[in-house]
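Spelled out, the chains give:
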Amino acid sequence: MKESETKRKTKDPVRETILQTLIHHAPLAVLLVILIAASVLLELLPPLVLGQAVDRLTDGLRITASLAAVYFAFSALGGLVNAFREAAITAVGGKLTHALRSREEQKLARLPASTYIASSSGSLTARFTSDADAFESMFSSGIVSLIADLGAVAGMLAVIFRKSPGLGFLLLAVLPLLFAFTRRVQKRMLSAHRDNRKAVAVVQGYLPETIANIRSLHVYHAENFARKRYDDAIGDSFRATERTNLYDALYSPVILTTSAVVVAVMMSLAGLQGPFLALFGISVGTAVTVIAYVGKIFTPLESIGMEIQTIQGAIAGVGRIREFLNLEEMEEPPADDMAKDADGSAEDLCGADSSRNSGGNTGTAPAETGAIVLKNVTFSYDGEHPVLNHFSLDIRKGEKVTLMGRTGAGKSTIFRLILGLYEPDSGSVLVNGKNPRSLPKTQRRSTLACVEQEFHSVEGTVMDQITLGNPEISGEQCREALRLVGLDRLSDHLEERYSADLLSHGQNQLLSIARAVVCNPEILLLDEMSAGLDSQTEQLLLTALERASAGRTVLSISHRTSAITGDRIVEIA
Ligand code: ATP
Ligand code: MG
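What counts, and at which threshold
- Throughout, residues of each chain are indexed from 1 in the direction in which the sequence is written.
- As a convention, the first chain written is A and the first ligand written is 1, with the rest following in written order.
- Restriction of local features to residues with pLDDT of at least 70 applies here, the model being predicted, together with a cutoff of 80 or more for giving and counting side-chain atom pairs; totals for whole chains, interfaces and linings are based on all residues.
- By convention in this description, side-chain values take in all heavy atoms of the structure and omit both hydrogens and water.
- Put simply, DSSP marks the helices as runs of H or I at least four residues long and the strands as runs of E at least two long, and each gets a number from the N terminus on.
- Two residues qualify as a contact provided that any one of their heavy atoms is within 4.5 Å of a heavy atom in the partner residue.
- Strand pairing is defined by DSSP finding a minimum of two bridges between the two strands.
- An axis is simply a line fitted to the C-alpha atoms; with a helix, the fit covers only the stretch in contact. Between two such axes, the angle follows the N-to-C directions and lies from 0 to 180 degrees.
- Lining residues are those with an atom within 4 Å of a point, where the points come from a 1 Å grid over the protein atoms alone and group into cavities, where a 1.4 Å probe fits but cannot get out, or pockets, open sets with protein on both sides within 12 Å along at least five of seven lines.
- Grid points are joined across faces, edges and corners, and a volume is the space filled by probe spheres set on the points.
- Classes in brief: Ala, Val, Leu, Ile, Met, Phe, Trp, Tyr, Cys and Pro nonpolar; Asp, Glu, Lys and Arg charged; the others, Gly included, polar.
- Criterion for a salt bridge: a side-chain nitrogen of Lys or Arg within 4 Å of a carboxyl oxygen of Asp or Glu.
- One heavy atom within 4 Å of a molecule or strand is enough for the residue carrying it to be called near that molecule or strand.
- Polar contact is defined as a pair of N or O atoms within 3.5 Å, subject to the rule that within protein one atom must be able to donate a hydrogen and the other to accept it, and that residues adjacent in sequence are counted only when both atoms are side-chain atoms.
- Computed by Shrake-Rupley with a 1.4 Å probe, the accessible areas treat only the displayed protein chains as cover when residues are assessed.

As for the side chain of Ser491
The residue Ser491 is located in the loop between α18 (475-485) and α19 (505-517) in this model. Apart from residues lying up to four places away in sequence, Ser491 is in contact with Arg479 and Leu482.

Structural data, given as structure tokens:
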């Protein structure tokens, strides 16, 4: 099991997804390859026909209708094949990106909560948006086009070599120089674009900040400070744009002049006699063909540069997707818990029985183990600065314990460990004698619940705020929870859309308690939540908490001794 796990981890999930998708859509992938080859070939043919036509004219013959038809047929077919090629690229690219995004989405569901806490929502979103888009452009405007363009350059060079070896050598000497020049210009353009974007982003950041602080800026006469910051950033943007314009203006003339010089040199040499004749001596028709190729060969050169740039830019994004897909996943509950999970009844999921409230003991913990046991726990968020150092705590079933400690002491961290959101670096955390991370999903809410310092609403109805979309929780259970916390009036509005202004700050916190107790949890964790409330609302909240705590094991956090109602106080340093 372990071996296969490591094997799975060392695999490249991005490559795996690409291969699987290409195999799954093999006909489409093969069609794409054929279309690319056909488009390269059709790019080469019209100048050859044109050469023949010119040769006929110089020989005093007429251009036959069939020759003209062939020329137009190749040109038209070339356009048509290119159109189909683009369609096929888009289709395959879309399928690949879809497969990759689906895989990312499946991964999301298997990530532990600590990953979400550790990463900003923006960075996770970027894996699905900009990074997945980068992958799509790497495929469609990067790799595939690069292959097609390289094929076109190679094909044209081969024909030129056949027609005029001298020109072939000439181009072989010039093309690398021109390519190096192209890359240099493109790199500088990219760096100028980046500088410009950075400067614009800085200005965009200043704008809301200035508007938010406009009064302070006036009061403290700090207008010049603000103006200077804008001046600096806008100046940076201007200079970067100037650089882009300069490179833009330089590039095309250099390429056009070079191609003209190459043609001029070839023509001059073609006119010479002696050894040059074998190398450069060509018919007028061949000259026309070759000139057409010289005109064409520089276009893919520029595209190849852009494609390399696209691929280079996208590699970082694809690397981030790979890292994301390789992130450590949540542990699966052990097999015995899974079995219980499988036949887990709705009662298990969200115990409708009220025996616990009336003092009955429905807990799964054996009598000798505590409900919550932390043994010698050491934990740090960053692996360097421990928040908890050899911390131990033993809470018996039904006990009510209050955690006290200065701000930043690690009280909420203890909650996160008990909830299984993090693993301790050393020591153990047990809930009912088990690792909380291995609690079957269906038993989580009936075992553990936490009332956080703030209420975090979700999109949806009032009922959704309590159930969090769990269909097993009935309306009646919600109403009971609302009655328990004194929000009876909401009972008639369960299906109403929830909005933040529906309830006051205090009422939202009551709703948060209802959310925690709706599944009749054995263990209730209460974070300090009475901050910023008037004394009347605070009293209401304490009453609701007291009622919600009845018959359960409760671990609460409090800064003030006046709010402590528990049996025991644990101080953390
Ligand atoms: P308060 O009474 O103010 O709520 P607390 O005792 O609950 O404080 P914790 O939230 O547990 O404190 O935080 C303990 C320490 O861990 C703090 O120094 C905090 O900066 C740090 N910390 C908390 N969350 C994270 C996190 N996600 N990543 C890194 N460090 C964190
Ligand atoms: Mg806290």
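Examining the sheet that holds strand β1 (residues 372-380)
Adjacent strands of a sheet form backbone hydrogen bonds with each other and so pair up, either parallel or antiparallel. Taken in spatial order, the 3 strands make up an open sheet running β2-β1-β4, and their pairing is antiparallel. Strands with a single pairing partner mark the edges of an open sheet, and in this sheet they are β2 (386-395) and β4 (426-431). Pairwise comparison of adjacent strand axes, ignoring direction, gives a mean angle of 20° for this sheet. Strand contacts of helix α15 (residues 411-418): β1, β2 and β4, with the helix running at about 115° to β1, the strand carrying the most contacts.

With respect to empty space enclosed by the protein
Going through the model one piece at a time under the given rule, you end up with 1 cavity of 30 Å³ or more. Put simply, the largest cavity is a space of about 40 Å³. Around the largest cavity, the lining residues are Thr21, Leu22, His25, Leu28, Ala29, Val92 and Lys95. Those elements that provide at least two residues to the lining of the largest cavity are α2 (13-24), α3 (26-58) and α4 (65-109). Here the lining of the largest cavity is composed, by residue class, of 4 nonpolar, 2 polar and 1 charged.

A look at the pattern of salt bridges
All told, the structure shown has 20 salt bridges when counted by the stated rule. We note a salt bridge from Glu329 to Lys107, for which the minimum N-O separation is 3.0 Å. Taken together, the residues span a long stretch of sequence, with Glu329 in the loop between α12 (284-325) and α13 (335-342) and Lys107 in helix α4 at a distance of 222 residues. Residue Glu399 is joined to Arg568 by a salt bridge in which the shortest nitrogen-to-oxygen separation is 2.7 Å. One end of the pair, Glu399, is in the loop between β2 and β3 (400-404); the other, Arg568, is in strand β8 (residues 568-571), with 169 residues separating them in the sequence. Several salt bridges converge on common partners, so that one network encompasses Lys107, Arg110 and Glu329.

As for the site of ligand 1
Close to ligand 1 lie 15 residues; Thr407, Gly408, Lys411, Ser412 and Thr413 are nearest. Gly410 places a main-chain nitrogen or oxygen 2.9 Å from an oxygen atom of ligand 1. For ligand 1, an oxygen atom lies 2.4 Å from a polar atom in the side chain of Thr413. Starting from 640 Å² of accessible surface for ligand 1 in isolation, the protein chains cover 63%. Per-element tally for the shell around ligand 1: the top contributor is α15, with 4 residues. In terms of residue class, the shell around ligand 1 is built from 5 nonpolar, 7 polar and 3 charged.

Let's talk about the sheet that holds β8
Taken together, 5 strands build an open sheet; the order of strands is β5-β6-β7-β3-β8 and the sheet is parallel. Of all strands in the sheet, those bounded by a partner on one side alone are β5 (448-451) and β8. Each strand of the sheet is rotated relative to its neighbour by a mean of 20°, with strand direction disregarded. Pairing analysis gives 4 bridges linking β5 to strand β6 (residues 523-526), with the strands arranged parallel. When the bridges of β6 are listed, Leu448 appears paired with Ile523. Of the strands in this sheet, β3, β5, β6 and β7 (553-557) are in contact with α15, which crosses β7 at around 150°. Along the sheet, α19 contacts β5 and β6; its crossing angle with β5, the most-contacted strand, is approximately 175°.

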